[in-house]
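Each chain, letter by letter, is given below.
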Protein chains: 2
Amino acid sequence: MGSQSQEGSGSGHRAILDSCPSGLQPSHALVQKRVIGSWPFSELSGTGGKGGTLPGSPRPFQSRQAKVKPEPRLGAGLTRSSAPVPATGRSQEEQGLLGASGADGLQATATLDGDPYGSRNRSTSDLQPLLPLKCELLHVAIVCAGHNSSREVITLVKSVLFYRKNPLHLHLVTDAVARSILETLFRTWMVPAVTIRFYDAEELKPWISWIPNKHYSGLYGLMKLVLPSILPLSLARVVVLDTDVTFSSDIAELWALFVHFSDKQVIGLVENQSDWYLGNLWKNHKPWPALGRGFNTGVILLQLDRLRQSGWEQMWKLMAKRELLTLQATSLADQDVFNAVIKEHPELVHPLPCVWNVQLSDHTLAERCYLEAADLKVIHWNSPKKLRVKNKHAEFFRNLHLTFLGYDGKLLRRELFGCPSQLPAEAEQLQQAMAQLDEEEPCFEFRQQQLTVHRVHITFLPHQPPPPRPHDVTLVAQLSMDRLQMLEALCWHWPDHPPHPRLQMLEALCRHWSGPMSLALYLTDAEAQQFLHFVETSPVLSVRKDVAYHIVYREGPLYPVNQLRNVALAQALTPYVFLSDIDFLPAYSLYDYLRASIEQLELSSLQRKAALVVPAFETLHYRFSFPNSKAELLTLLDAGSLYTFRYHEWPQGHAPTDYARWREAQAPYRVQWAADYEPYVVVPRDCPRYDPRFVGFGWNKVAHIIELDAQEYELLVLPEAFSIHLPHAPSLDISRFRSSPTYRDCLQAFKEEFHQDLSRRYGAAALKYLTALQPSQSRA
Amino acid sequence: MGSQSQEGSGSGHRAILDSCPSGLQPSHALVQKRVIGSWPFSELSGTGGKGGTLPGSPRPFQSRQAKVKPEPRLGAGLTRSSAPVPATGRSQEEQGLLGASGADGLQATATLDGDPYGSRNRSTSDLQPLLPLKCELLHVAIVCAGHNSSREVITLVKSVLFYRKNPLHLHLVTDAVARSILETLFRTWMVPAVTIRFYDAEELKPWISWIPNKHYSGLYGLMKLVLPSILPLSLARVVVLDTDVTFSSDIAELWALFVHFSDKQVIGLVENQSDWYLGNLWKNHKPWPALGRGFNTGVILLQLDRLRQSGWEQMWKLMAKRELLTLQATSLADQDVFNAVIKEHPELVHPLPCVWNVQLSDHTLAERCYLEAADLKVIHWNSPKKLRVKNKHAEFFRNLHLTFLGYDGKLLRRELFGCPSQLPAEAEQLQQAMAQLDEEEPCFEFRQQQLTVHRVHITFLPHQPPPPRPHDVTLVAQLSMDRLQMLEALCWHWPDHPPHPRLQMLEALCRHWSGPMSLALYLTDAEAQQFLHFVETSPVLSVRKDVAYHIVYREGPLYPVNQLRNVALAQALTPYVFLSDIDFLPAYSLYDYLRASIEQLELSSLQRKAALVVPAFETLHYRFSFPNSKAELLTLLDAGSLYTFRYHEWPQGHAPTDYARWREAQAPYRVQWAADYEPYVVVPRDCPRYDPRFVGFGWNKVAHIIELDAQEYELLVLPEAFSIHLPHAPSLDISRFRSSPTYRDCLQAFKEEFHQDLSRRYGAAALKYLTALQPSQSRA
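Just so we're clear, the structure is a prediction, and the values are computed from it rather than from any experiment.

S.K.: Even after reading the chapter, I still don't get the overall build of chain A, so can you show me in this structure?
M.R.: Within chain A, the regular secondary structure consists of 29 helices and 23 strands. A total of 780 residues make up chain A; the buried ones form 66% of that total. When the accessible surface of chain A is split by element, carbon and sulfur atoms take 52% of a total near 27600 Å².

S.K.: How should the side chain of Asp546(A) be read in this particular structure?
M.R.: All names here are of chain A. Take Asp-546: it is sitting in the loop between helix H21 (525-537) and strand E14 (547-553). Of the polar contacts made by the side chain of Asp-546, one reaches the side chain of Arg-544; its length is 2.9 Å. In contact with Asp-546, not counting residues within four places along its chain, are His-463, Gln-464, Ser-514, Gly-515, Pro-516 and Met-517.

S.K.: What exactly am I supposed to notice about the sheet that holds strand E15 (residues 576-579) of chain B here?
M.R.: Note on sheets: strands pair through backbone hydrogen bonds, and any given pair is parallel or antiparallel. Residue and element names in this part refer to chain B. Read from one edge of the open sheet, 9 strands run E11-E14-E13-E12-E15-E21-E17-E22-E20, paired in mixed fashion. With partners counted over all chains shown, the strands left at the sheet margins are strand E11 (456-457) and strand E20 (669-671), one partner each. Examined bridge by bridge, strand E12 (residues 473-480) and strand E13 (residues 517-523) share 6 bridges and lie parallel to one another. Within the sheet, the bridge partner assigned to Ser-480 lies in E13 and is Tyr-522. Contacting E11, E12, E13, strand E14 (547-553) and E15, helix H22 (residues 561-570) crosses the sheet at an angle of about 145° to E12.

S.K.: Explain the pairing of E14(A) here, please?
M.R.: Remark: a regular strand shows side chains that alternate across the two faces of the sheet. Residues and elements named next belong to chain A. The buried fraction of E14 amounts to 7 of the 7 residues, a majority that puts the element mostly inside the structure. Residues of E14 alternate between two faces, with Val-547, Tyr-549, Ile-551 and Tyr-553 on one and Ala-548, His-550 and Val-552 on the opposite face, all of them buried. For strand E11 (residues 456-457) and E14, the ladder comprises 2 bridges, and the chain directions are antiparallel. Within E14, the position partnered with His-457 by the bridge is Ile-551. As paired elements, strand E13 (residues 517-523) and E14 share 7 bridges and run parallel to each other. For Tyr-522, the partnering residue across the bridge sits in E14 and is Val-552. Chirality of the crossover, the property in question, places the unit of E13, H21 and E14 among those that are right-handed.

S.K.: Help me out: how do you make sense of the state of the cysteines in this one?
M.R.: Should the sulfur atoms of two cysteines be covalently bonded, the bond is a disulfide. Enumeration according to the criterion identifies 6 disulfides over all chains in this entry. The side chain of Cys135(A) participates in a disulfide bridge whose partner is Cys419(A); the two sulfur atoms lie 2.1 Å from each other. In this structure, the disulfide formed by Cys135(A) and Cys419(A) twists by about -95° around the S-S bond and is classed as left-handed. Taken together, the residues span a long stretch of sequence, with Cys135(A) in the loop between helix H5 (73-77) and strand E1 (138-144) and Cys419(A) in the loop between helix H16 (394-405) and helix H17 (425-436) at a distance of 284 residues. When sorted by exposure, Cys135(A) lands in the same class as Cys419(A), which is buried. Each sulfur of the disulfide joining Cys354(B) and Cys369(B) lies 2.1 Å from the other. Across the S-S bond linking Cys354(B) and Cys369(B), the dihedral sits near 90°, which makes this disulfide right-handed.

S.K.: When you look at unusual backbone geometry in this model, what are you seeing that I'm missing?
M.R.: Working note: non-glycine residues mostly have negative phi, and peptide bonds are mostly trans. Residue and element names in this part refer to chain B. Non-glycine residue Asn-284 carries a positive phi angle of around 65°. By the element assignment, Asn-284 lies in the loop between strand E6 (267-271) and strand E7 (295-303). Backbone geometry at Asp-676 places phi at a positive 70°, although glycine is not the residue there. Looking at the element boundaries, Asp-676 is found in the loop between E20 and strand E21 (680-684).

S.K.: Is there a simple way to think about the packing of aromatic side chains in this case?
M.R.: The description of two aromatic rings rests on the distance between their centres and on the angle between their planes. Applying the stated rule across the entire model yields 67 aromatic pairs over all chains. With centroids separated by 6.4 Å and ring planes inclined at 55°, the aromatic side chains of Phe404(B) and Tyr407(B) adopt a geometry described as tilted. A relative accessible area of 1% places Phe404(B) in the buried class. In this structure, Arg151(A) packs its charged tip against the face of Phe460(A), placed 5.5 Å from the ring centre. Geometry around Trp662(B) places Lys630(B) over its ring, the cationic atom sitting 4.3 Å from the centre.

S.K.: Help me understand the environment of Pro539(B) in this model?
M.R.: Residues and elements named next belong to chain B. Positionally, Pro-539 belongs in the loop between helix H21 (525-537) and E14. According to the relative accessible area criterion, Pro-539 is exposed, its value standing at 53%. Sequence separation between Pro-539 and Glu-507 is 32 residues; the distance between their C-alpha atoms is 9.0 Å.

S.K.: Where do I start with the pattern of salt bridges in this structure?
M.R.: A pair can form between side chains of opposite charge whenever their charged atoms are brought close. Residue and element names in this part refer to chain A. Under the counting rule described, the total for this entry stands at 68 salt bridges over all chains. A salt bridge links Arg-322 to Glu-323; the shortest N-O distance between them is 3.7 Å. Residue Arg-322 is classed as partly exposed on the basis of its relative accessible area, which comes to 40%. For Glu-323, a relative accessible area of 12% puts it in the buried group. Here Asp-592 ties to Arg-595 by a salt bridge, and the two come within 2.5 Å at their closest N and O atoms. Of this pair, Asp-592 and Arg-595 are both found in helix H23 (residues 590-600), 3 residues apart, which corresponds to roughly one turn of the helix. The class of Asp-592 is partly exposed, set by a relative accessible area of 44%. Residues joined by salt bridges that share partners form a network here, namely Glu-441, Arg-447, Asp-691, Arg-693, Glu-753, Asp-757 and Arg-760.

Each value, and the rule that gives it
Residues numbered from 1 in each chain as written. Chains lettered and ligands numbered in written order. Predicted model: local features only at pLDDT ≥ 70, side-chain atom pairs only at ≥ 80, totals over all residues. Heavy atoms only, no water. Helix = DSSP H or I, 4+ residues; strand = E, 2+ residues; numbered from the N terminus. Buried < 20%, exposed > 50% of the residue type's maximum accessible area, 1.4 Å probe, protein only. Areas by Shrake-Rupley, 256 points an atom, 1.4 Å probe, with all protein chains shown as cover. Polar contact = N/O pair within 3.5 Å; in protein donor to acceptor, adjacent residues only side chain to side chain. Contact = heavy atoms within 4.5 Å. Pairing = 2+ DSSP bridges. Axes fitted to C-alpha atoms, helices over the stretch in contact; angles between N-to-C directions. Right-handed = clockwise from strand over helix to strand, strands pointing away. Disulfide = S-S within 2.5 Å. Phe/Tyr/Trp six-rings, centres within 6.5 Å; stacked < 30°, edge-to-face > 60°. Lys NZ or Arg CZ within 6 Å of the ring centre and 35° of its normal. Salt bridge = Lys/Arg side-chain N within 4 Å of Asp/Glu carboxyl O.

See below:
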């Protein structure tokens, strides 16, 4: 957990540390012996990829081992061929990993004042630790709750994946929100050699909710205390990370530090890089007890097996209860409790080199660490201000972080060469299907795009699901940054709308539709960050918690329009959905009108299968005053300021709506399906999905309406409903369609495949759709 | 140099290698001794940041050194405190760095068949080499010629910078093109702790041009042979890299391998990962002589001092001449010569672990290397197909490469904490100026943008300068991706122009302007790659070698319009420039007409200071037929299909052009400057620069015209010249300007500062421009 911003300087613990001789040099043999003797390796072989030494690898160091007299259990449990040997030519104590020198290990803590770690006045660049075996599985535990932490954790995971060379098992303690986000993300990410296990944070609350807590991390921070109790018993070691850390090195190097734990040490921590625990920051500042500056719990190595043996659960509870007799609450959540325990039991802690948790709080003392280190390993954004923290070198650290914030996650789908069973089954199948595609086939690009599984980050921003109401409707649409940029101008000209740099269409839409929305956005990782910034600074959008934004990450040359629609549709939480497009503005009252219509038509009670048609219009002018009623709309229509949608280019798309009848209609009326009909409709949430074979331009909505008709949805036009399309430049895919005969041929081929599927599913009833397959002239 | 694609498998050298016992285990002490004894460190202290051991660092390993009996010169030359100790607990021979075991070092070569390197059947993850001292300067030499290699080398350099923790000195052997590109780039990149020295490739040509060469790298590949002769005598060691390699690790780890050279070894190389040199790929395939599979020269460690002592220059020349008696030419450039020398003098080579040069040619055997390695260090795209090479794992390697291709170079402006004098003087000043800005000041964002130095990559694509002609004119303009995307639609509607996904405006412009152009593009690194792809696949643009594209990398929130114009202007190579904007299409004949006018007006011979005005018009319609003559234009104007530019919103911008007079004019006529005048003009290349204080929207051209008038340029309107503005959505900056009073206030402040500067420079003559400073109403 992060420390709060703090000031002042302490000397309280200097006395203790100064008692540690600066030139500590226990004999090399002794250190080795202790390390060897204290290392229970048996667990590792259970969790690692291939346990044991690799066959055929020479082990010349065995002769040196012999000299240091390993204890008997070495032979039985050793699974790391190189474990007993120090990481570099230097002896261990040189590396500041002095814990092994016995129960007085604490004296060797890397502190900001003393320097027994050896990180100061010396190059640390040659202090390369041993790394785990190739293919050894590393375990990482993270507590993550809510939308914002889920975004944070993904950046953290990206940084870990970028440098990692080992398989990873992530143990994620999540609330329901984070779980659904991360489950979807990792399923669609398909990173080789990464496995995930979720733990329900809700179930853990009773374990820690009795502890009053003032830290911004809330109850979730405290959950790190119970990890030894909830992680699988078979798990011996785990790295625990806060969501606000960024890796700048291979996590295997951190994992490798377990090897230096003495047999009493069970918790690896970096010293706190502030004076918070010295307790003199302000009048009546009473921090929890800690050894000197205490330790920061943003990065923890937990030796779980021995923690459990030592009665950790009793220990921390006892300590927390005792302190809470005099202190009202924890200020820094779990970190206060960890420190209180360590103060009482200093033998439990194994101090880690400061570079493994460079803490960037406002008044951090971290500079003393990183100025001398050759190499930063982990950055910890432990100020509540996060990246906006004031720090002389903030730019430097932000640059490291920004690298991963905007990093294209798909580049991390890198296999680990030579490690077994790296891919999830789904990814394996996909890879095979991809491999079977013929690169020379004219529609190769389409087929590749159809098979592409895009990473999906649902509810990218905080979202409050609408309260359950039987007739509620969610507007469902999809969009890309390109489209939004093209629409920018348009919104500038829009009356009532103050100009905003981009995504203004979204703001306009929000003004027109007061109900819930589920929007899929097709973006790069970098664009997703721009989008985030836009929404957070938009007065219109930032207050709308009922709009769910789902990021579908870009991959491939064709716009996966129906995959996007399906993502947005799957995430709609109301019983009904309005399937719209982003360049349409609905009538101001449409949301209320639709709910009233659903109720009046008794759709839900009658289980009536209906698709309510919202008639579509368009304006060709930038400057245009949106009609407040059907009457106003008709006036504009008569004046030639509005047209029925695509009246000029593609009349059959909406002609079956029967605009003449709509003009006069007072009540909903039924219309019949006809070829190429593609109205905007309101349907139950469990309606058929869109057919993902239609990527790019053409037939993507038409096929969906056929599907509805084949499933016998009534098409009912609503007499007061309308929405209006705003002008914009044609999409990239339209241009391609128009210019490329191959594109048109491929579309025709997919239509035919679609019809074959229809026939299979609906038999003779699907015959009538055959007409819809004739290549149409007007479209091109 | 890359090897060409090749097939077949060889056994010719297996006999040699098999003679090397697979379980080689010389005594630990012996190896250490040899390493220590063979390492001439004295040079290092001259080139490194701080030579010698750092003060205050304990050296407990000295006791172990004593045991291995260092030779006398150790004490004198040793500048690496940790050099004599093996990198990991394993002994050196375990790490496959067996060169130290004596003159028979070659037997320890890491080969694809034998395995004395130890990279097979074993985890290499624990083979962490020693690293150089913190702040030690590492030297890298690269030969780079032409536009495409310059782009390549930047991606290479980004990958090196991403992982590096040491100061770097780059020795770049360049032709004139690469030099001007890279000089500008590094000057504007301002990466801390990177110094550059250029060497003129032209001067080296006589040294190697006598060698016939069939390789695609041409003469430049061969230049690696002469590096020992041209690099400074004070330089003892250098890493030589091909431009087509990508780093995936810290280059210091590669540098650290020098420590393992025996005293005879002078060249560190990775084995060639193909069967090329085995010589049985096809009938009459006669490769140059090599030891077994030979070595690949994409990554070379050169021990320069000893190379020079050993008479390298004579040696390789002799060998090349001898071989050329029977072989017609080198096939793989320098690589053939290196291999011929090594075949004759195997004691010279120090074999490097295969991961330091993973060669991705078409029929590579590299898989044998990387499947077993825990960690790839350097990827070598040594197929002429580069990233399009066919390889089972191509996706994996491309992902690594794409990481750096699109990586935002500004994130690499990271300081090296704790290393002295990291910043170039210019960057230092800039940093100080930035630090003096007041974040609370309302115009802070503007002032920050004004100070921002953007990375500039001139002539991003191959470019042929126009032949020198006294009246030639270059069209100068600037643009961003946003603008191009907005213009996409527009070009779709344009008659004659086949639709293209984006940047179509550029194509349209190319059809209208047949002369040279110098265009500044404001892009991110990722967008620059998209742009490259667009131009390369555009039939219109790919053939135009007289269009120079200069990438100015995005940084900051405001569009640095005048900085962009200055970049494009500075790169124009003709005596005259037409200062235009990207959303204007010039009359079809304008290029010819302008040259004729310059000649007729005798501007160059009379040294007449004139700015030729090209009258500006606009259309508000997407569908519009471009006039073929002034007569046609006038017809459209009378029909209301065209307007004079900004007739509705900003008439004073062009009113002084006097359109009524232009209508009738048969000859150029002079007009007077008036407030807010901003015509498009043709001026000599050495005209005043644009004022970079105007960032974002407003006054950026107005100030430039004032400057021309103040310097007494005549304003002459050309009677047959015109260009037409095409409609598009307003820019982001216009929106901001219109919506933000602060924005308008800041612009006013900059106008006033501009006028103060004018008064200082032009005295009373500048008084008349004061009127231009009144805040104008119509603009907002």
